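What the coordinates show
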Amino acid sequence: MIWFELVLLGLSLLLRIALTRKAKLGFDTFGHLYFCDLFQNQKSGPFDGIATGIAHSHKLESALYFNWLMAKIPHYSEKKNRRYFNCAMDAIFGLSLIPMCTASGLPLESALAVSLVYLSCPMWFSGMAIGPRITNFTPRLMSELLVNLYFIFVFYHQSTGNLGVLIVAVFMGIVVLLSSKFGTQALLFLTILLVLLCWSVQPALPLFLTIAASLIVTKGRYAAMLSAHLKHLHWYLKENIANRMFISTRNDVRQLALPFNRYDSVWNNIKAVSIPYAAKNSYTAVLFKLPLLVLLSAIWLASLIVDRVLTVPDYSPLVLAAVFLFLLTSQKVFLFLGEAERYLNHIAVFVVLLFVDVVYQIDLPWLILAVAGYGLLFGLMELIIENEQAHKLTTKVHEKQRVMSWLMAQPKQTVLLSPYHCMDGVWRVLRETSHQVLYPITMKKDKKELFESKFSDRYPFCKLDDPEGLFKEFGVGVIVCESGTSQEVAQSSAWQREAVGGRFYDVFTRKKSNARPGSDS
C-alpha cells in the first residue's frame, strides 16, 4: 500500500507542474502583480493604501498585505517565479502533512494517504474554476493554507492549553485578515458556526485576539479595511439580487442544460460540458472535483442505515460548519459571499483527515487509491483539453498582443474595456501601458453613482450606447470591446474604428474635438 501511495504521490506532483506550465495569466493575476508594482514604486507601507491608475478613483485601501510582502521579494514578477509560486507553496504544504500527521500519532501509511488525497484531489489543483487555486499568482491559496493551519493550531491549543500554539494561530489569523477578504469571511463564518455547533465560546477566543491584534498592528486602519470590505459586499449583494453580476446565474440549472450530442465525437461533447459542470455550478463542481466529500457523505449515510457506529473526531464540527456554509452560499441570495466551494477549501485538511479516518474505520483503504487514481485521470483530461484550447486560441493571443502594443504606443488617456476582463482586463492595461482605465469598483462615490445610473450594465459589461457621454462625463478616449458588441460606437460620428482590431476585438478612438472631457481628478 505504501509503495502505491508513493508512486501516486509522485505522479500527482508531476501533474500539478504540467498543469501550471500551461496556465495563462488572468485578470486576478495581473491585478495582484499590479498592486505589487504599486507598493514597490510608491514605497507605501502595508496599510497605507495605494493610488491606482483607475480614473476618478480614491486610494485603494484593502487587505493587501500579501501584495506588500510579495513586493519585497526580488524578481517576484519574473515569469517562472509568478507561475510556480502557488504551485510550489501548495506542494510543500501537501508534503508537510506527512510529518505533521506522523507527529500527531498517525502511522506512516495513514500520513501518506492524507498527503496523497490532498495533492491528487481535483478541487485543489484544477484550473477549471472561477479563480484557479494553484495556477494564479493571487493570495487565494495563501489564505486557504493559513486558515487550515489556523484551525489546526486552534484545536491543538484547545487540547493542550499551550500558549505558544495560540500565539502562532493568532499570527496566522492576522496575516489572513490583512491579506484576503474571502479569508476574513471564512474565518469569521466558520468560527461563528463552530461556536454554535460546539455550544462553547472557546473557539471564538483566538479570532477575538486576532481581530484585536490586527487593529493594534495597523494602528486602527484595519477598521477602514473592514468598512471597505462591507461596502463592497453590500454593492455585490445589490448587483447580485438585480441579476447584474456574472455570478448571478451560478447554480442555475439552465446553465447545465447542455446537449451532449452537439458534436460528432464523444470527446468533443465532453469538452463542451466540462467547464460549465466543473466551474459554473458549485454542486456539480463538488460532485466531480471533490469526490472524497461525496464518498464521505455516502459512507455516513450507509452507516446510519446499517446501524454501524463510526467514531467522530473532535474536528468534525468544523467540517460540518464548512458543508453548511457551502450549501448556504450556493443559494441565489447568498452568491455575493463568494464561490461556495472555497469555504470547503479553507478547511481542506480536515475534510481529508476525516475521509482517511473513516476509510480506515470501515477497513476499505483501497478507496484512497481509487480517489487518487480518479484525480490523476481528471487532471490528465484537463491537461489534454488545455493543450487543445491553447492551440485554438493562438490567433486570439496574437491579436490581443497586437492591440496591447498599439495601446502602449498611444499618448496617455482614459481607456474603457468592455467587458472589464477583455484583453486580460483593466489591470493588464494599467500595468503595461501609461493609460488610465475606467473601472467602477474603486470610483469615488459621486462618479460611481453617475456611472451606475447611466452606463452600468450586467457586470463585467458596460453600456456603450452613449460613447459621447462616456467621453464628456469620464474622459474616455479609447474603447476596446469584444467584437460584435460595439454597434453604437461604430455608428457614432464622433468615434472611429482603428485597424488594429480584428476577429476578436474592436478598438475605437474619439475623433479630435474641442469638447472638454470629464475631469481626471
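Owing to the predicted nature of the structure, the values given are computational and were not obtained by experimental measurement.

A separate point is helix 1 (residues 2–21). Helix length check: helix 1, at 20 residues, gives a terminal C-alpha distance of 29 Å against a target of 28 Å (1.5 Å per residue), a fit within 8%. Of all the residues in helix 1, the buried ones are Glu5, Leu8, Leu9, Ser12, Leu15, Arg16, Leu19 and Thr20. For helix 1, the angular spread of buried residues about the axis comes to 125 degrees, placing them on one side. Away from its buried face by more than 90 degrees, helix 1 exposes Trp3, Val7 and Leu14.

Each pocket or cavity is described by its volume, and for the second largest pocket that value is around 850 Å³. Lining of the second largest pocket is provided by 25 residues; of these, Met100, Ser104, Ile152, Tyr315 and Leu353 occupy positions nearest its centre. Contributions of two or more residues to the lining of the second largest pocket are made by helix 4 (79–103), helix 5 (108–120), helix 6 (140–160) and helix 16 (348–361). In terms of residue class, the lining of the second largest pocket is built from 18 nonpolar, five polar and two charged.

With that settled, the discussion passes to the pattern of salt bridges. Inspection of every chain in the model, using the stated rule, returns 15 salt bridges. The partner of Arg221 in a salt bridge is Asp48, with the nearest N and O atoms 2.4 Å apart. With Arg221 in helix 10 (residues 221–241) and Asp48 in the loop between helix 2 (27–42) and helix 3 (65–71), the pair connects residues that are 173 residues apart, well separated along the chain. Taking relative accessible area as the criterion, Asp48 reaches 32% and is therefore assigned partly exposed. Connected through salt bridges with shared partners, the residues Arg16, Asp90, Arg133, Arg140 and Glu144 form a single ionic network.

A few words now on the sheet that holds strand 1 (residues 414–418). The mixed open sheet is built from five strands, whose spatial order is 2-1-3-5-4. The open sheet has two free edges, formed respectively by strand 2 (436–437) and strand 4 (495–497), since each of these has just one partner strand. The pairing of strand 4 with strand 5 (residues 505–510) spans three bridges and is classified as antiparallel. Considered in strand 5, the bridge of Gln496 is made with Thr509. Contacting strand 1, strand 3 (476–482), strand 4 and strand 5, helix 21 (residues 467–474) crosses the sheet at an angle of about 135 degrees to strand 3.

Our focus in this paragraph is empty space enclosed by the protein. One pass over the full model with this rule turns up two cavities of 30 Å³ or more. One number sums up the size of the largest cavity: a volume of about 80 Å³. Looking at the lining of the largest cavity, the elements with two or more residues in it are helix 10 and helix 20 (445–454). A per-class count over the lining of the largest cavity returns six nonpolar, one polar and three charged. Here the second largest cavity is characterised by a volume of approximately 40 Å³. Forming the walls of the second largest cavity are Met123, Ser126, Ala129, Arg133, Arg140, Glu341 and Asn345.

This paragraph deals with unusual backbone geometry. Ser418 connects to Pro419 through a cis peptide bond whose omega is 0 degrees. Here Pro419 shows up in the loop between strand 1 and helix 19 (426–432). Residue Tyr459 is joined to Pro460 through a cis peptide bond whose omega torsion reads 15 degrees. Here Pro460 lies in the loop between helix 20 and helix 21. The phi torsion at Asn243 lies on the positive side, around 60 degrees, for a residue other than glycine.

Let's shift gears to the environment of Asp446. Assignment of secondary structure puts Asp446 in helix 20. What makes Asp446 exposed here is its relative accessible area of 53%. With 62 residues separating them in the primary sequence, Asp446 and Phe508 have C-alpha atoms 27 Å apart.

Where helix 5 contacts helix 17 (residues 366–392), the two axes come as close as 8 Å, and the packing angle between them is 25 degrees. By the angle between their axes, helix 5 is roughly parallel relative to helix 17. Taken as a pair, helix 5 and helix 17 cross one another with a handedness that is left-handed. Residue-level inspection shows Ala113, Leu116, Val117 and Ser120 of helix 5 in contact with helix 17, the latter providing Ile368, Leu369, Val371, Ala372 and Gly375. Of the residues in the contact of helix 5 with helix 17, the class split is seven nonpolar, two polar and no charged.

What follows deals with the pairing of strand 3. Burial within strand 3 is extensive, with six of its seven residues counted as buried. Sheet topology note: the strand 1/strand 3 ladder contains five bridges and is parallel. Paired with Val415 across the two strands is Val478, which belongs to strand 3. The pairing of strand 3 with strand 5 spans five bridges and is antiparallel. The partner of Val480 across the bridge, within strand 5, is Val507.

Basis of the calculations
- Residues numbered from 1 in each chain as written.
- Predicted model: local features only at pLDDT ≥ 70, side-chain atom pairs only at ≥ 80, totals over all residues.
- Heavy atoms only, no water.
- Helix = DSSP H or I, 4+ residues; strand = E, 2+ residues; numbered from the N terminus.
- Expected span 1.5 Å × (residues − 1).
- Buried < 20%, exposed > 50% of the residue type's maximum accessible area, 1.4 Å probe, protein only.
- Arc of directions from axis to C-beta.
- 1 Å grid on protein atoms, 1.4 Å probe; cavity = no way out; pocket = protein on both sides within 12 Å on 5 of 7 lines; lining within 4 Å.
- Points joined across faces, edges and corners; volume = space filled by probe spheres on them.
- Nonpolar A, V, L, I, M, F, W, Y, C, P; charged D, E, K, R; others polar.
- Salt bridge = Lys/Arg side-chain N within 4 Å of Asp/Glu carboxyl O.
- Pairing = 2+ DSSP bridges.
- Contact = heavy atoms within 4.5 Å.
- Axes fitted to C-alpha atoms, helices over the stretch in contact; angles between N-to-C directions.
- Parallel < 35°, antiparallel > 145°, perpendicular 65-115°, else oblique.
- Left-handed = near helix turned anticlockwise from the far one by under 90°.

Geometry only, nothing functional implied.
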